[in-house]
Amino acid sequence: IRFPRLKFVLSSYEFLSHAHRHLLERVFQVPVYALYGSTETGHLLMETPERDFHASRETAVLEILNADDRGIGELIVSTLSNPLMPLLRYRIGDLVSFDSDAYGTRFVLHGRAADAFQLPDGKRVTVKDVDDSLSETTGILHYQLRQKGEAFQLRYVPDQGGDSVDEAKLSARLGALLGCAEI
């Protein structure tokens, strides 16, 4: 297959995992950036080359509701740019956190609230937490982590053109994150 030459790739409307980002970068050999938003709100955040997400102050006001001790909470959006369908304090269903400094506000996407795991000790493990724990693992194109009771099951699609997966290291890393002996 012959792919056109691109300057960059934009990913949108879905959490961009490390595995998917690496695959897109490998295939197209250009930087990959994520846009964040929803069908109802349009794009709300754009990723910079430093992999920070910044909001457009002209399109919406963003709030965080029910933040946990790490500052991760539900994203609440009030739109500013759609007079035909204004949304006030609209609950998108995603988890975010943010840091503010003299240079502005940097948002961190943590994935869908419905996809987060609640551990027996009350700790919430987000999609980003799981993805970050797998970021050093090579040889995986796509993965799924499911919780059944207190046990977890990992399924993945191996990268036929990449390294083999060190399953013992992978299981230990996820076990440490999720507070269980093995995955």
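Preceding this section is the structure that the text describes.
Residues numbered from 1 in each chain as written. Predicted model: local features only at pLDDT ≥ 70, side-chain atom pairs only at ≥ 80, totals over all residues. Heavy atoms only, no water.

**Regarding the packing of aromatic side chains**
Given two aromatic rings, their pairing is described by the distance between the two centres and the angle made by the two planes. What counts is decided by this rule: Between 30 and 60 degrees the pair is tilted, below 30 it is stacked and above 60 it is edge-to-face, where a pair is any two Phe, Tyr or Trp rings, Trp via its six-membered ring, whose centres lie within 6.5 Å. Under the scheme used here, helices are H or I runs from DSSP no shorter than 4 residues and strands are E runs no shorter than 2 residues, and both carry numbers assigned from the N terminus. Buried residues are those whose accessible area, probed at 1.4 Å on protein chains only, stays under 20% of the maximum for their type, while exposed residues exceed 50% and partly exposed ones sit between those limits.
All told, the structure shown has three aromatic pairs when counted by the stated rule. Seen in terms of ring centroids, F117 and F152 are 5.2 Å apart; in terms of plane orientation they differ by 90 degrees. Their pairing is edge-to-face. You can see F117 sitting in strand β9 (residues 117-118) and its partner F152 sitting in strand β12 (residues 151-158), a full 35 residues away along the chain. Grouping residues by exposure puts F117 and F152 together as buried.

**So, the pairing of strand β3 (residues 42-47)**
The criterion, for reference: Only strands that DSSP links by at least two bridges are regarded as paired with each other.
Bridge analysis of strand β2 (residues 32-38) against β3 gives four bridges, and the strand direction is antiparallel. Bridge pairing in β3 links G37 to H43. Between β2 and β3, which pair antiparallel one after the other, the connecting turn spans three residues. Note that β3 and strand β4 (residues 53-55) share three bridges and pair antiparallel.

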